[in-house]
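# Architecture at a glance
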Amino acid sequence: TTDLSPNPRADAAAVRHWLALCDFYHFPHVTYFESWDDLIRKLRAADLAAISARMAGANVRLLGDLRGTWRRLVERMFGGAAPGARRGGPP
């Protein structure tokens, strides 16, 4: 938990805290830029098809990881019972 406001305007510590939790800063193959001129330079030099292909591959791996994580969590929560199965006798 934190006491830092999620809507900081002048609090650099709060900005750093909340930006670190933004998932889009952690996705692979995202191109960051420092200014509009930097963005234009990077766009002109970028192989967008290759970047897109790498992102798609990363998304496939991430989806597999997430499915595995949820599968393990559900198995732990319900002792391996099938979804919708009743346990412990009649309701």
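Residues numbered from 1 in each chain as written. Predicted model: local features only at pLDDT ≥ 70, side-chain atom pairs only at ≥ 80, totals over all residues. Heavy atoms only, no water.

### Side note on the packing of aromatic side chains
- Tallied over the full model, the rule gives 1 aromatic pair.
- Here the aromatic rings of Phe33 and Trp36 are separated by 6.1 Å at their centres, their planes lie at 35°, and the arrangement is tilted.
- With relative accessibility at 66%, the residue Trp36 sits in the exposed group. (Phe/Tyr/Trp six-rings, centres within 6.5 Å; stacked < 30°, edge-to-face > 60°. Buried < 20%, exposed > 50% of the residue type's maximum accessible area, 1.4 Å probe, protein only.)

### Topic: the environment of Leu19
- Mapped onto the elements of the fold, Leu19 is located in helix H1 (residues 12-20).
- Spatially, the C-alpha atoms of Leu19 and Pro6 are 9.5 Å apart, while their sequence positions differ by 13 residues. (Helix = DSSP H or I, 4+ residues; strand = E, 2+ residues; numbered from the N terminus.)

### So, the side chain of Asp38
- Among the secondary structure elements, Asp38 is positioned in helix H2 (residues 36-45).
- Relative accessible area serves as the criterion here: at 12%, Asp38 is assigned to the buried category.
- Other than its neighbours up to four places away in sequence, Asp38 contacts Tyr32 and Phe33. (Contact = heavy atoms within 4.5 Å.)

### Observations regarding the pattern of salt bridges
- Considering all chains together, one arrives at 2 salt bridges under this definition.
- The partner of Arg41 in a salt bridge is Asp38, with the nearest N and O atoms 3.9 Å apart. On the criterion of helical spacing, the pair formed by Arg41 and Asp38 is a turn pair, its members being 3 residues apart in helix H2.
- Its salt-bridge partner being Lys42, residue Asp38 comes within 3.3 Å of it at the nearest N-O pair. Of this pair, Asp38 and Lys42 both sit in helix H2, 4 residues apart, which is roughly one turn of that helix.
- A network of salt bridges, in which partner residues are shared, links Asp38, Arg41 and Lys42. (Salt bridge = Lys/Arg side-chain N within 4 Å of Asp/Glu carboxyl O.)

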